[in-house]
Amino acid sequence: MRFGIACRDIVPPFRTKMYGYGARVDLYEDVNDRLTFTAIVLEEGNRRALLGAADLGTFPRLDELSSFMDQLGEIVGCPRDHIMLNCSHSHGAATVSDERYREWLYEKVREAVQEASENVNEGTLWYGEGKTSLPLNRRPERDGQVVNAPNPGGTVDDRMRLLVFRKPTGEIAALGMSVACHPVATGAQHLLTAEYPGAWRTAFSRAFGPDVTPFFLQGAGGDIRPRHVAEGDHWRAMKHAELPSMGRELLREMLKILLEANFKQIDNLTLVGKINRVEAPCQRLYTTREELELLRDRDGRFGSYAEKCLQHLNAGEEVPDRAEFHVQTLWLNRDFALIGLDSEPLHALGRVIEDSVAPRQALFLGYTNGCVGYAMDGKETERGGGTEIGTYLFRGWSGPPEPGLEKFLADAVVKESG
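Rules behind the numbers
- Residues numbered from 1 in each chain as written.
- Predicted model: local features only at pLDDT ≥ 70, side-chain atom pairs only at ≥ 80, totals over all residues.
- Heavy atoms only, no water.
- Axes fitted to C-alpha atoms, helices over the stretch in contact; angles between N-to-C directions.
- Helix = DSSP H or I, 4+ residues; strand = E, 2+ residues; numbered from the N terminus.
- Left-handed = near helix turned anticlockwise from the far one by under 90°.
- Contact = heavy atoms within 4.5 Å.
- Pairing = 2+ DSSP bridges.
- Core = buried A, V, L, I, M, F, W, Y, C linked by side-chain atoms within 4.5 Å.
- Buried < 20%, exposed > 50% of the residue type's maximum accessible area, 1.4 Å probe, protein only.
- Parallel < 35°, antiparallel > 145°, perpendicular 65-115°, else oblique.
- Nonpolar A, V, L, I, M, F, W, Y, C, P; charged D, E, K, R; others polar.

A. Structural view of the packing of helix α5 (residues 289-296) against helix α6 (residues 301-314). With their axes 8 Å apart at the nearest point, α5 and α6 run at an angle of 150 degrees to one another. The two elements α5 and α6 cross, and the hand of that crossing is left-handed. Contact with α5, carried on its side by Arg289, Leu292, Glu293, Leu295 and Arg296, involves Phe302, Gly303, Tyr305, Ala306, Glu307, Cys309, Leu310, Leu313 and Asn314 of α6 and no other residues of that element.

B. Summary view of the sheet that holds strand β6 (residues 121-122). The strand order across the open sheet formed by five strands is β5-β4-β3-β1-β6, and the pairing between neighbours is mixed. Edge positions in the sheet fall to β5 (83-87) and β6, since each has one partner strand and no second. Across two bridges, strand β1 (residues 2-9) lies against β6 in antiparallel orientation. If you follow Phe3 over to β6, its bridge partner there is Asn121. Sheet strands touched by helix α2 (residues 99-118): β1, β3 (36-44) and β4 (47-54). Its angle to β1, the strand with the most contacts, is close to 150 degrees.

C. Representation of the nonpolar core within the structure. Counting residues in each nonpolar core, the largest one holds 40 residues, and the members touching the most others are Phe37, Leu56, Phe59 and Leu105. At the level of elements, β3, β4, α1 (62-76), β5 and α2 are the ones that each hand at least two residues to this core. Tallying contributions element by element places α2 first for this core, with seven residues. By size, the runner-up hydrophobic cluster in this structure holds 36 residues, among which are Cys309, Val327, Ala337 and Leu393.

D. Focus on the packing of α1 against α2. As a packed pair, α1 and α2 sit with axes 9 Å apart at the nearest point and diverge in direction by 25 degrees. The angle between the axes of α1 and α2 places the two elements in the roughly parallel class. Crossing geometry of α1 relative to α2 is assigned as right-handed. Judged by residue contacts, Leu65, Phe68, Gln71, Leu72, Ile75 and Val76 of α1 engage Tyr106, Val109, Arg110, Val113, Gln114 and Ser117 from α2. Across the contact of α1 with α2, the residue classes break down as eight nonpolar, three polar and one charged.

This is a description of form; function is not addressed.
Dropping the structure here:
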């Protein structure tokens, strides 16, 4: 196999809006740490694929992103279905909803992809995993309601997963770390930050030097926050000066895995990719004019949602009762796949999708090629509540997806590895 890696700084050179926290419209005041985009081009024979890792909340949704992915495919020499663009989901990043920043960002991404494509070299790829103490569940039940708060008794995906690229000499050229956890430690402050992924990369570079490239891939962290910001029954906003300690902690956990785990070589690459569209049925909570007109009088997102749905009825259409997602499967070889979903997946949903290729192995990534909103497994959908259940309000669906969304998505995973 051959691979090429290149990185670009994506801190906007002008003040712009920040991502996250609902309808946030804040402009950033300063830069705490670097935001980066890393391009990894994989090659075997005449086949190529691209994995992109970005310090962003999300890329635009796939219907808006497709033409840009086609451009990247022309640079790399691969079809769009072989391109995975994963976001760390940092809530301290700039937002791509700002058109000026988005166009500037796309040029930086093209530069990185061009450089990585032109500088592929022989090497090897290895996969290993271990444990991390980073994640804490954020969906406890209090007074019969599911709320966004620390939930020490809740389940998490506590795996730390590593993709290690080595030179023919065995030296590490690049290392990708994947965990499943929201990068929201610093809250809604006004400094641009890559959050804990950036703090880990800084610690990594101090240990390994500037010639080894660290990159971060976000898993299924839709219902998980860093345990470091749990304070009793609520979350605190960490000071930016505390981030380096999180980075060093993650580095120690990574080093333990690197030294002790049984790594598996990913060789004889097939590089078979496919993006499948999924339409999942939604609950029909609001479908009639009478229901929506009553809802319209409520403040905030419910009123905006009702207006959006009434526009469908006024046009002679029904309120949409199907939710659209895109599942991407990129088989690296016959035994190992990357699976991406354009949503904010809860960890149990991600595990079902990942396990759908068993006994072969997969690394599941959320926030890939855009983000529709939260994707909940059946158990959590039935529990309801929390911020996660409300995606339908922003998408204009008749209600949340019906319980069992994970099966629809798992069925869309391509099981053939080429």
